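Coordinate analysis (summary)
These are the residues of each chain, in order.
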Amino acid sequence: MNEMVEEILSSCKNDCKKAVDHQIQEHLVVRAGRANPHILDKVTIDYYGVPTPIKNMASISVPEARILAINVWDQSQHKNVVKAITEANLGVNPNEDGKTIRLIFPALTEERRKEIVKQIKKIAEDTKVAIRNARRDAMDMIKDLQKDGEISEDEQKRYEDEIQKMINNYIGEVDANFDAKEKEIMEI
């Protein structure tokens, strides 16, 4: 196989993998009715002038299915953590007793479940667009190689089929991730 073709296929595969990994990370942040520490991943606190994620300055545990408990190590930052969680608009208000911050997640209504499914459907569609863009870029590079005489038309067709097969696998993976998350959200 041509060295440039291998590089094109590898680059396309890496782009698709990154898109799927991003989808998985986005799914971790989506609240599905039970407590998930990853919902706090994007919440940062101004810790002595440095934006710091909560997980780097507190222990986060799940004592019950719908409760997150946050114990801040530096008690002088307790109020800042509460403020950051409130401002993050996670759909849950923090309860505090001076030592522990508790986030109690309410049971999801049917309407809210459908909204969340729409949200993850958009994430899946965005992921598919990123994968299709990677395919388009790879196909264009293969066509350019054929135009430049680096590969024959038969090789071009074979490589395009190979790229399409790879893309179909990644699209299937995106759909499987979506279906699993949708099932988790719609579960009562």
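Everything below is about the structure printed above this text.
The structure contained in this document is the topic of the report that follows. (Residues numbered from 1 in each chain as written. Predicted model: local features only at pLDDT ≥ 70, side-chain atom pairs only at ≥ 80, totals over all residues. Heavy atoms only, no water.)

As for the state of the cysteines
Stated formally: Here, the term disulfide refers to a pair of cysteine sulfur atoms separated by no more than 2.5 Å. Partly exposed residues are those whose accessible area sits between 20% and 50% of the maximum for their type, while under 20% is buried and over 50% is exposed, using a 1.4 Å probe and protein chains only.
A full pass over the atoms with the stated rule returns zero disulfides. Sulfur of Cys12: no disulfide; nearest cysteine sulfur belongs to Cys16 and is 4.3 Å away. Overall, the relative accessible area of 2% leaves Cys12 in the buried class.

Concerning the side chain of Lys181
Which entries qualify depends on this criterion: Runs of E in the DSSP output that reach at least two residues are strands. Runs of H or I that reach at least four are helices, and both are numbered from the N terminus. Within 3.5 Å is the distance limit for a polar contact, defined as a pair of N or O atoms, with the added protein rule that one can donate a hydrogen and the other accept it, and that residues adjacent in sequence qualify only through two side-chain atoms.
Residue placement: Lys181 occurs in helix 4 (residues 153-186). Only 3.0 Å separates the side chain of Lys181 from the backbone oxygen of His27, close enough to count as a polar contact.

Thoughts on the packing of helix 1 (residues 3-29) against helix 3 (residues 110-147)
Two quantities define a packed helix pair, namely the angle between the axes and the distance from one axis to the other. Rule in force here: For helices, the fitted line uses only the C-alpha atoms of the stretch in contact; every axis is such a line through C-alpha atoms, and the angle between N-to-C directions lies from 0 to 180 degrees. An angle below 35 degrees is read as roughly parallel, one above 145 as roughly antiparallel, one from 65 to 115 as roughly perpendicular, and any other as oblique. What makes two residues a contact is simply this: any of their non-hydrogen atoms within 4.5 Å. Ten residue types, Ala, Val, Leu, Ile, Met, Phe, Trp, Tyr, Cys and Pro, are classed as nonpolar, four, Asp, Glu, Lys and Arg, as charged, and the remainder, Gly among them, as polar.
Put simply, helix 1 and helix 3 touch, their axes get as near as 9 Å, and they point 175 degrees apart. When the interaxial angle is binned, helix 1 and helix 3 end up roughly antiparallel. Contact residues: helix 1 offers Met4, Val5, Ile8, Cys12, Asp15, Cys16, Ala19, Val20, Gln23, Glu26 and His27, while helix 3 offers Ile120, Ile123, Ala124, Thr127, Ala130, Ile131, Ala134, Arg135, Ala138, Met141, Ile142 and Leu145. Grouping the constituent residues of the contact of helix 1 with helix 3 by class yields 17 nonpolar, three polar and three charged.

Remarks on the sheet that holds strand 3 (residues 58-64)
Convention followed: Pairs of strands are assigned from DSSP output, requiring at least two bridges between the strands.
The four strands are arranged 3-4-6-5 in an open sheet whose pairing can be described as antiparallel. The open sheet terminates on both sides in strands that have one partner only, identified here as strand 3 and strand 5 (94-96). This sheet shows a mean twist of 25 degrees between the axes of neighbouring strands, independent of strand direction. For strand 3 and strand 4 (residues 67-72), the ladder comprises five bridges, and the chain directions are antiparallel. Looking at the pairing, Ser61 lines up with Ala69 of strand 4.

Concerning the environment of Pro51
Looking at where Pro51 falls in the secondary structure, it is placed in strand 2 (residues 50-53). The sequence separation of Pro51 and Ala130 amounts to 79 residues, and the corresponding C-alpha distance is 29 Å. Setting aside anything within four residues of it in sequence, one finds Pro51 in contact with Thr44, Ile45 and Asp46.

Remarks on the pattern of salt bridges
Here is the rule: When a carboxyl oxygen of Asp or Glu lies within 4 Å of a side-chain nitrogen of Lys or Arg, that pair is called a salt bridge.
Summed over all chains, the structure comprises nine salt bridges. A network of salt bridges, in which partner residues are shared, links Glu125, Lys128 and Asp175.

These figures capture arrangement, not role.
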